[in-house]
Protein chains: 2
Amino acid sequence: MVPTVEWKEGIVRILDQSRLPDKIEFVDCRDYETVAIAIKELWVRGAPAIGITAAMGVALGAQGLKALDYDTFQKGVLEIADHLAATRPTAVNLFWAISRMKRTLAALKDESIADIKRLLVAESQAILDEDIAMNREIGRHGNAVIGQEQTILTHCNAGALATGGYGTALGVVRAAWDAGKKIQVLADETRPVLQGARLTAWELMQDGIPVTVITDSMAGALMQRGKVDVCVVGADRIAANGDVANKIGTYSVAVLAHAHGIPFYVAAPSSTIDLATANGELIPIEQRDPREVTHVRGETAIAPDGVGVDNPAFDITPARLITGIITEKGIFVPSELAARMRNAV
Amino acid sequence: MVPTVEWKEGIVRILDQSRLPDKIEFVDCRDYETVAIAIKELWVRGAPAIGITAAMGVALGAQGLKALDYDTFQKGVLEIADHLAATRPTAVNLFWAISRMKRTLAALKDESIADIKRLLVAESQAILDEDIAMNREIGRHGNAVIGQEQTILTHCNAGALATGGYGTALGVVRAAWDAGKKIQVLADETRPVLQGARLTAWELMQDGIPVTVITDSMAGALMQRGKVDVCVVGADRIAANGDVANKIGTYSVAVLAHAHGIPFYVAAPSSTIDLATANGELIPIEQRDPREVTHVRGETAIAPDGVGVDNPAFDITPARLITGIITEKGIFVPSELAARMRNAV
């Protein structure tokens, strides 16, 4: 797999996912403002990947600061952090990664500016490396809930492309595949931005894992016909009570799975868990440009000019519809999540 | 509204719905083979509209027959009827309309060939006229279940464009609007062929009825937030037990509506009811070209080349999820449908 995001000698190199699967193109971000645009415009997307990218954006911005004293330098870094934090409101990994960079900065108060710059880069790379390691643990835990011969339905892309690598929901798929299980994946195309059809299908095909693309509207009919054994999706934010914000359409999949007695799992690193947010209703939901709905891939019009459009990018799946939350620390029943996470820290 | 299909001096003129909403273009079918292509390629679609078009196709084909005796003429018409019946398997109105044309032909056995040709055209026009009249009755009955100020969610297009005119599900919408109710419509875009975004949005905008397009994946989240008061959809075939075949995704809407306690109505003329089919599992479901899923509007690729695709065009909504079936004869609880229809005949 090509890397989603990486640090290259003073550049944040981002795989431009808006062009997948037709073109594999990279954007070399030479300033933090371009990193912010990359996040806003979905060149990079997926909660963990956004966090990693923002952390690298902070490190990149810090390199460009001319300040020679810590206080001025710190002020500059915090401005950069605020700029990057303002890109997208729902995924909590963004704020988690930026907070971690700020804490690192504070801990380095007594170091030279040159050393701090170097150590901020190292911290952002550590976030990337840890993310991949966590995803492998998520995969290891999640593999336990996948049968020997199953069809796994997923929504959006919670794969290598949404993370530092390996993936969360698709990390579970990869772990099951690597364990020799005869699995196949049903990928909801995931309108409006089509992360399922474009990204999940592409990255699974790269690994030779059988995948079938369906429109979002087909999931229910396939469950009705007994064609889905288990659902595994990612998360953009998990509230303390176990409610999950994830790509629009996830809630419908969860209701349908529940109605058919199909287990529904959420796979996410613990950086996605926001214990400060009591429940899903308190999670801000990003409204995006109506043009994402009215024009497919930014070009092909599919609706009359001037029609009204609603375009919430995420929805909330209540804890009661979730069989388990698969993290790097194990699988938790949503209602136990807060207590287990507090104990685990 | 422009007519969906009409007879024009030996031509079946069809509004090419595959080009809507960008272009209003008509195809003049001068032979029945072109009428069959128009049905297969979805230039005309919607169960009632398909029935009307096929009837006109039979009449058009009959005009071209050189036979001078009834038996040869009848054989020719039956071949034409078979050709048109082979276009699409799910919507029963197609077979209903063709059967009616065959019965008309049989009843005209003693007339001159010239008279039969003329009377077959008249019969197909009667099917069109009756369809519009039935839709107005469906609207009149359906209006009773719509509140003074409601948001109506619909899936696909069961409007003027899917019928001779006025529409079934959108006939209910029009009747409520004409009654002065403050309604608005949420139109599921209805992937893969986007009949909601392209057709429902367009025809409601033509009439000045407020409409908002959403992706199919958003319906659940909007129900969860209390933004949907009632669902009204059309039908391609209704089995004797009240199970309904309709555009893929209808079943998901019905499950979601049920989970949220939102009434779910099906609006259809009685020609859609197939008492010979005991239940939904016996209704054949058309599988269409994977390219409808992988390419939007036939041009824009949205998935990797060679990916597996499933593309069932319809699904089955079981009777237990349906609040009522709105026909020109009144509103029926699905379980009562067969008895009430047999009595009504």
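Rules used throughout
Residues numbered from 1 in each chain as written. Chains lettered and ligands numbered in written order. Predicted model: local features only at pLDDT ≥ 70, side-chain atom pairs only at ≥ 80, totals over all residues. Heavy atoms only, no water. Helix = DSSP H or I, 4+ residues; strand = E, 2+ residues; numbered from the N terminus. Rg over C-alpha atoms; globule rule 2.2 N^0.38 Å. Buried < 20%, exposed > 50% of the residue type's maximum accessible area, 1.4 Å probe, protein only. Contact = heavy atoms within 4.5 Å. Lys, Arg positive; Asp, Glu negative; His and termini not counted. Charge placed at Lys NZ, Arg CZ, Asp CG, Glu CD. Salt bridge = Lys/Arg side-chain N within 4 Å of Asp/Glu carboxyl O. Buried area = accessible area lost by both parts, 1.4 Å probe. Polar contact = N/O pair within 3.5 Å; in protein donor to acceptor, adjacent residues only side chain to side chain. Pairing = 2+ DSSP bridges. Axes fitted to C-alpha atoms, helices over the stretch in contact; angles between N-to-C directions. Least-squares fit on C-alpha atoms with pLDDT ≥ 70 in both. 1 Å grid on protein atoms, 1.4 Å probe; cavity = no way out; pocket = protein on both sides within 12 Å on 5 of 7 lines; lining within 4 Å. Points joined across faces, edges and corners; volume = space filled by probe spheres on them. Nonpolar A, V, L, I, M, F, W, Y, C, P; charged D, E, K, R; others polar. pLDDT = per-residue confidence, 0-100. Phe/Tyr/Trp six-rings, centres within 6.5 Å; stacked < 30°, edge-to-face > 60°. Lys NZ or Arg CZ within 6 Å of the ring centre and 35° of its normal.

**Quick look at the overall build of chain A**
Consideration 1: Helices and strands together make up the secondary structure of chain A, namely 11 helices and 17 strands.
Consideration 2: Relative to its length of 345 residues, chain A is compact, with a C-alpha radius of gyration of 20 Å against a globular reference of 20 Å.
Consideration 3: A principal-axis box enclosing the C-alpha atoms of chain A has dimensions of 65 × 55 × 40 Å.
Consideration 4: Out of the 345 residues in chain A, the part that is buried amounts to 64%.
Consideration 5: Taking the contacts inside chain A whose residues are at least 6 apart along the sequence as the reference set, 75% of them involve residues at least 24 apart.
Consideration 6: Here chain A holds 34 positive side-chain charges and 42 negative ones, and the gap between their average locations is 2 Å.

**Quick word on the pattern of salt bridges**
All names here are of chain A.
Consideration 1: Under the counting rule described, the total for this entry stands at 35 salt bridges over all chains.
Consideration 2: E286 serves as the salt-bridge partner of R288, at 2.9 Å between the closest nitrogen and oxygen.
Consideration 3: Under the relative-accessibility criterion, R288 is labelled buried at 15%.
Consideration 4: Its relative accessible area of 8% is what places E286 among the buried residues.

**So, the interface of chain B and chain A**
Consideration 1: Contacts between the two partners involve 51 residues from chain B and, on the opposite side, 51 residues from chain A.
Consideration 2: Note on chain B versus chain A: buried area summed over both sides is about 3,800 Å², and carbon and sulfur give 66% of it.
Consideration 3: On the chain B side of the interface with chain A, the three residues burying the most area are S217(B), M218(B) and I302(B), jointly 15% of the side's total.
Consideration 4: Our count for the chain B to chain A interface comes out at 2 salt bridges.
Consideration 5: A salt bridge links E189(B) to R191(A); the shortest N-O distance between them is 2.6 Å.
Consideration 6: On inspection of chain B and its partner chain A, the count reaches 17 residue pairs in polar contact (both at pLDDT 80 or more).
Consideration 7: Here 2 bridges tie strand β14 (residues 308–309) of chain A to strand β6 (residues 211–214) of chain B, and the two strands are oriented parallel to one another. For V309(A), the partnering residue across the bridge sits in β6(B) and is V213(B).

**What about the sheet that holds strand β2 (residues 11–15) of chain A?**
Strand pairs in the sheet, formed through backbone hydrogen bonds, run parallel or antiparallel to each other.
All names here are of chain A.
Consideration 1: One open sheet holds the 3 strands; their spatial order is β1-β2-β3, and the pairing between them is antiparallel. The open sheet terminates on both sides in strands that have one partner only, identified here as β1 (5–8) and β3 (26–29). Across the sheet, the mean angle from the axis of one strand to that of its neighbour is 25 degrees, orientation sign disregarded.
Consideration 2: Where β1 lies against β2, 4 bridges are found, and the strand directions are antiparallel. The residue bridging W7 from the neighbouring strand is V12, located in β2.
Consideration 3: Across the sheet, helix α2 (residues 47–63) lies against β1, β2 and β3, angled at about 20 degrees from β1, the strand it touches most.

**As for the relation of the copies chain B and chain A**
Consideration 1: Note on the copies: chain B fits chain A at an RMSD of 0.0 Å, the axial shift is 0.0 Å, and the rotation between them is 180 degrees. This pairing of chains is accounted for by a two-fold axis.
Consideration 2: A shared interface surface links the copies, since 100% of the contact residues of chain B are contact residues in chain A too.

**Details of unusual backbone geometry**
All names here are of chain A.
Consideration 1: L20 connects to P21 through a cis peptide bond whose omega is 0 degrees.
Consideration 2: Within the secondary structure, P21 sits in the loop between β2 and β3.
Consideration 3: The backbone of E9 shows a phi angle near 40 degrees, a positive value even though the residue is not glycine.
Consideration 4: When you line up the elements, E9 lands in the loop between β1 and β2.
Consideration 5: Exposure remark for E9: the relative accessible area of 81% places this residue in the exposed category.
Consideration 6: For R297, which is not glycine, the phi dihedral falls at a positive 55 degrees.
Consideration 7: With respect to the helices, strands and loops of the structure, R297 is situated in the loop between β12 (295–296) and β13 (300–301).
Consideration 8: Taking relative accessible area as the criterion, R297 reaches 22% and is therefore assigned partly exposed.

**Thoughts on the layout of surface pockets**
Consideration 1: There is about 660 Å³ of room inside the largest pocket.
Consideration 2: Looking at the largest pocket, it is lined by 27 residues, and the ones nearest its centre are S18(B), V193(B), E292(B), R297(B) and G298(B).
Consideration 3: Breaking the lining of the largest pocket down by element, the ones donating at least two residues are β13 of chain A together with α10 (291–294) of chain B.
Consideration 4: Split by residue class, the lining of the largest pocket holds 6 nonpolar, 7 polar and 14 charged.
Consideration 5: Estimated volume of the second largest pocket: approximately 520 Å³.
Consideration 6: Of the residues in the lining of the second largest pocket, the class split is 5 nonpolar, 4 polar and 9 charged.

**Section: the confidence of the model for chain A**
Consideration 1: Model confidence for chain A is summarised by a mean pLDDT of 97, while 99% of its residues fall at 70 or above.
Consideration 2: Here the predicted complex carries an ipTM of 0.96, next to a pTM of 0.97.

**A few points about the packing of aromatic side chains**
Consideration 1: Using the criterion set out here, one finds 0 aromatic pairs over all chains in the structure.
Consideration 2: Looking at K247(A), its charged tip hangs above the ring of F314(A), at a distance of 4.6 Å from the centre.
Consideration 3: Across the ring face of Y166(B), the terminal group of R136(B) is positioned such that the distance to the ring centre comes to 4.3 Å.

**As for the sheet that holds strand β11 (residues 273–274) of chain A**
Residues and elements named next belong to chain A.
Consideration 1: In spatial order, the strands read β11-β8-β9-β15; together these 4 strands make up an open sheet with mixed pairing. The strands lining the two open edges of the sheet, one partner per strand, are β11 and β15 (314–317).
Consideration 2: With 4 bridges joining them, strand β9 (residues 244–247) and β15 adopt antiparallel strand pairing. Of the residues in β15, the one forming a bridge with N246 is D315.

**Quick look at helix α6 (residues 169–178) of chain B**
Residues and elements named next belong to chain B.
Consideration 1: Taken across its 10 residues, α6 has 8 buried, putting it largely inside the fold.
Consideration 2: Restricting attention to buried positions, one finds in α6 the residues A169, L170, G171, V172, V173, R174, A175 and A176.
Consideration 3: Phi for G180, located one or two positions after α6, is positive at around 85 degrees.

**Details of the side chain of E286(A)**
Residue and element names in this part refer to chain A.
Consideration 1: Positionally, E286 belongs in the loop between β11 and α10 (291–294).
Consideration 2: Of note is the side chain of E286, whose polar atom sits 3.0 Å from the side chain of R88.
Consideration 3: With near-sequence residues (within four places) excluded, E286 lies in contact with R88, P89, T90, N311, P312, A313 and F314.

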